[in-house]
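The chain contents come next:
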Amino acid sequence: MAFIADIKTSSFLVLICFLTCTLHTTTQACHLTDRAALLDFKSKISEDPSGLLGTWNQSTDCCTQWEGIACDRHGRVSSIARPGAFSTEDFSWVDTYMSGTLSPSLGKLKFLRYLDLSNLKNLEGTIPMELGSLSHLTTLYLYSNNLKGSIPVSFQNLRNLKMLFLSENRLSGKVPINIFQHMSSLSELVIYDNKLSGSIPSSIGKLVSLKRLDFHLNNFSGSIPSTIGSLKNLVTLELTDNQISGSIPTSIGELSKLKELYLSQNSLGGSIPSSISKLVSLERCFLQDNKLTGSIPASIGNTALRYLVLDNNMLTGKLPISLGNLTNLVNLNAKNNHLTGKIPSSFSNLLSLQYLDISRNGLSGPIPSKLVKLNPTLKILDLSYNPLSLVNVPSWMSKMNLQGLHLAQTGLVGELPEWLSSTSFGYLDLSSNMLTGALPAWIGNMTSLESLNISNNGFHSDIPIEFKSLSGLRQLDFHSNNFTGGLNSIFPKDGNLFHYGFIDLSYNMFVGRIDNIGDLGGMDLLNTLDLSNNHLSGSIPKSLAKLNRSLNNLKLEKNRFTGSIPSGVINLLSLVEFDVSYNKLTGKIPPHTTPFPASSFQGNSALCDSPLLPCKTA
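This is a predicted model, so every value here is computed, not measured. (Residues numbered from 1 in each chain as written. Predicted model: local features only at pLDDT ≥ 70, side-chain atom pairs only at ≥ 80, totals over all residues. Heavy atoms only, no water.)

Brief notes about the UniProt feature "domain: Leucine-rich repeat-containing N-terminal plant-type" (unreviewed entry) in the protein chain
- In the numbering used here, UniProt assigns the feature "domain: Leucine-rich repeat-containing N-terminal plant-type" (unreviewed entry) to residues 32-72.
- With 29% helix and 15% strand, the stretch residues 32-72 has end C-alpha atoms that lie 14 Å from each other. (UniProt positions renumbered as here; feature names shortened; annotations may be inferred. Helix = DSSP H or I, 4+ residues; strand = E, 2+ residues; numbered from the N terminus.)

Structural data, given as structure tokens:
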């Protein structure tokens with residue numbers, strides 16, 4: 001939405017400036033050739049519900065009385081502005097559309113400088129090659145339509161073009177190899193969210209005035225051309241979500257004005273070039289979801305980075321001490337790589353840091369206690385799935401005003417530290433450790449919790465009644481422990497309402513019934529309910545049928561449930577996964593529209609009908 005907002009603001013300012021310079025100078029009536037071209041364009045429009053072209057008719061002058069048209073002093077049309085989304089004089093917002101195709105006659109408007117037919121939604125067909133003859137054109141906005149086909153080769157003739165926006169269409173094919181050869185005036189090139197393929201032409205290097213290049217969400221392949229380094233004025237480079245391979249060219253270091261670098265979700269390999277240190281203006285660097293190798297260059301500490309996102313690559317080596325120089329850094333994400341060594345104590349200098357995620361690496365402990373200096377700015381700390389050998393949750397963390405603490409599989413042992421009860425954590429993940437003991441009563445003091453994951457540990461106790469106080473919980477994961485007793489504290493029949501979205505209590509030793517679980521207040525958002533591998537009994541609650549639009553996953557296998565399967569439960573509209581195998585259920589499996597496999601019902605000796613064997617008749 002930020003991109004669209006930028007485009008709308010840019011469009012509006014350019015148009016206002018243009019009209020100021022042209023409208024008051026008009027002295028002659030509209031040229032007959034231009035009038036005919038505009039009327040031909042209108043004839044190709046099949047729907048215009050808001051009357052964007054309502055004033056365009058034979059009996060009036062197109063220069064003075066047609067909305068959206070401006071002319072020069074010779075009566076030649078210089079501007080067409082009929083976007084589908086625009087602000088009116090009273091600052092209200094209009095969002096409309098037109099259906100039809102682009103008329104080739106637009107190419108006859110030889111003096112046209114500004115063309116905005118953006119956001120019309122249902123404008124279909126191809127972009128006429130005749131538009132390439134508009135040699136005076138400086139601005140072309142055709143974004144947010146339904147245009148298909150390729151970008152016309154004739155666009156290489158648009159030598160005065162400064163703004164080219166073709167994003168959010170269905171354009172396909174390769175970008176013509178020489179299309180940018182003579183576009184030295186182009187300032188913004190935005191063609192994201194199409195189906196364009198092939199390599200990025202090396203002629204891109206001819207766009208020496210370019211400030212913004214946005215090709216994201218297409219099917220571009222091949223490597224980033226080294227000529228990219230010629231774009232000395234580039235501020236934003238956005239190539240996210242393509243199929244680009246090869247390495248990041250060293251020449252990228254020549255982009256001294258670059259502030260935003262988005263190369264994520266591609267197939268880039270090789271190392272991050274050390275020339276990145278020359279990007280002294282760089283604030284945002286997003287390289288995640290690639291195949292980058294090698295170490296993080298120490299020279300990256302010479303930039304002005306605020307966001308550094310490197311997750312889901314194959315980076316190795318240590319976290320550079322020089323990262324501590326990035327005092328403006330707000331977000332550092334290097335999770336799911338192969339980084340080793342210790343967490344640098346220099347990270348304590350990152351006093352603007354709000355989000356630190358270096359989980360799923362090979363980092364070793366201890367965690368520098370100096371990180372306490374990041375309070376109160378740091379909100380999310382994720383060190384999960386590193387061989388940190390922590391033993392205990394560091395007590396200095398009790399002094400931090402964190403919203404989220406994630407220490408899954410970091411070598412924790414023993415019981416939960418009581419200082420947790422005085423924290424305001426919203427998200428706490430201590431899963432896959434060797435924690436033991438009872439779930440303490442003071443857990444009820446952690447009323448800010450929205451997500452609690454202590455799964456895959458060795459907890460053994462009933463759930464204390466104080467747990468009822470955690471009414472803000474949305475995500476609860478207790479699976480693979482030794483919890484016992486009933487579930488009344490998790491599903492209270494009175495008191496505070498819970499608004500669970502996810503519950504996994506599987507692989508414990510819970511007992512008792514779960515009657516009327518669907519009747520409890522606040523369960524209408526429940527997406528996943530996993531109670532499998534326990535000792536629960538009684539019938540499957542018919543009240544679960546009330547979760548008709550939310551429940552996707554219901555797993556009740558390997559318990560001691562009896563009775564029949566309620567028809568309303570097996571036919572929940574959103575249900576994707578359903579498993580009641582290995583219980584003591586009886587009777588006929590109700591007819592159901594979702595084709596659940598036989599394995600979802602096996603292990604119930606008195607259960608019959610599709611997908612199991614037919615029921616026996618007397």
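Comments concerning the side chain of Asn194
- Among the structural elements, Asn194 can be located in the loop between strand S13 (188-190) and strand S14 (195-198).
- Within the structure, the side chain of Asn194 is placed 3.2 Å from the backbone nitrogen of Asn169, a separation counted as a polar contact.
- Reaching out from Asn194, the side chain makes a polar contact with the backbone oxygen of Tyr192 at a distance of 3.3 Å.
- When neighbours within four sequence positions are excluded, Asn194 is seen to be in contact with Leu166, Ser167, Glu168, Asn169, Arg170, Leu171, Leu217 and Asn218. (Polar contact = N/O pair within 3.5 Å; in protein donor to acceptor, adjacent residues only side chain to side chain. Contact = heavy atoms within 4.5 Å.)

Concerning the state of the cysteines
- One pass over the structure, following the stated rule, counts three disulfides.
- Across the disulfide, Cys30 is cross-linked to Cys62 (sulfur-sulfur distance 1.7 Å). Measuring the twist about the S-S bond at about 80°, one finds the Cys30-Cys62 disulfide to be right-handed. In this pair, Cys30 sits in the loop between helix H1 (2-22) and helix H2 (32-43) while Cys62 sits in the loop between strand S1 (45-47) and strand S2 (69-71), placing the two residues 32 residues apart along the sequence. (Disulfide = S-S within 2.5 Å.)

Section: unusual backbone geometry
- Here the amide bond leading from Gly365 into Pro366 is cis, since omega sits at 0°, within 30 degrees of zero.
- One can find Pro366 in the loop between strand S24 (362-364) and strand S25 (380-382).
- Residues other than glycine seldom take positive phi values, yet Glu168 does so here, at roughly 55°.
- Tracing the chain through its elements places Glu168 in the loop between strand S11 (163-165) and strand S12 (170-174).

Digging into the pattern of salt bridges
- Enumeration according to the criterion identifies 14 salt bridges in this entry.
- Its salt-bridge partner being Glu254, residue Lys278 comes within 2.6 Å of it at the nearest N-O pair. Placement of the pair is Lys278 in the loop between strand S18 (260-262) and strand S19 (284-286) and Glu254 in the loop between strand S17 (236-238) and S18, with a sequence separation of 24 residues.
- The class of Lys278 is partly exposed, set by a relative accessible area of 41%.
- With a shortest N-O distance of 3.5 Å, Lys588 and Asp609 are connected by a salt bridge. Pair noted here: Lys588 is in strand S41 (residues 584-588) and Asp609 is in the segment after strand S42 (606-608), with a separation of 21 residues, a long-range link.
- The structure contains a network of salt bridges with shared partners spanning Glu188, Arg212 and Asp214. (Salt bridge = Lys/Arg side-chain N within 4 Å of Asp/Glu carboxyl O. Buried < 20%, exposed > 50% of the residue type's maximum accessible area, 1.4 Å probe, protein only.)

Observations concerning the environment of Ser203
- Considering the arrangement of structural elements, one finds Ser203 in the loop between S14 and strand S15 (212-214).
- Spatially, the C-alpha atoms of Ser203 and Arg284 are 26 Å apart, while their sequence positions differ by 81 residues.
- Aside from chain neighbours lying at most four places away, what touches Ser203 is Ile177, Asn178, Ile179, Phe180 and Gln181.

Quick notes on the confidence of the model for the protein chain
- Scored by pLDDT, the protein chain has a mean of 93; 95% of the residues are at 70 or more.
- Low pLDDT, under 50, characterises residues 1-5; the stretch is placed with seven contacts to residues that sit more than four places away or in other chains. (pLDDT = per-residue confidence, 0-100.)

Looking at the sheet that holds S41
- Taken in spatial order, the six strands of this open sheet run S33-S35-S37-S39-S41-S42, and their pairing is parallel. Both outer strands of the open sheet, strand S33 (484-485) and S42, are each paired with one neighbouring strand and no more.
- Of the pairings in the sheet, the one linking strand S35 (residues 509-512) to strand S37 (residues 535-539) comprises two bridges and is parallel in character. Looking at the pairing, Val511 lines up with His535 of S37. (Pairing = 2+ DSSP bridges.)

Concerning the sheet that holds strand S6 (residues 98-101)
- Strands sit in the order S1-S6-S8 across an open sheet of three strands; the sheet is mixed. Single-partner strands in this sheet number two, and they are S1 and strand S8 (121-124). When the angles between neighbouring strand axes are averaged without regard to direction, this sheet yields 20°.
- Judged from the two bridges that link them, S1 and S6 form a sheet pairing that is antiparallel. Bridge pairing links Ile45 to Gly100 in S6. (Axes fitted to C-alpha atoms, helices over the stretch in contact; angles between N-to-C directions.)

A closer look at the pairing of S41
- Across two bridges, strand S39 (residues 560-563) lies against S41 in parallel orientation. Paired with Thr562 across the strands is Lys584, a residue of S41.
- For S41 and S42, the ladder comprises three bridges, and the chain directions are parallel. Residue pairing in the sheet places Lys588 in a bridge with Cys608 of S42.

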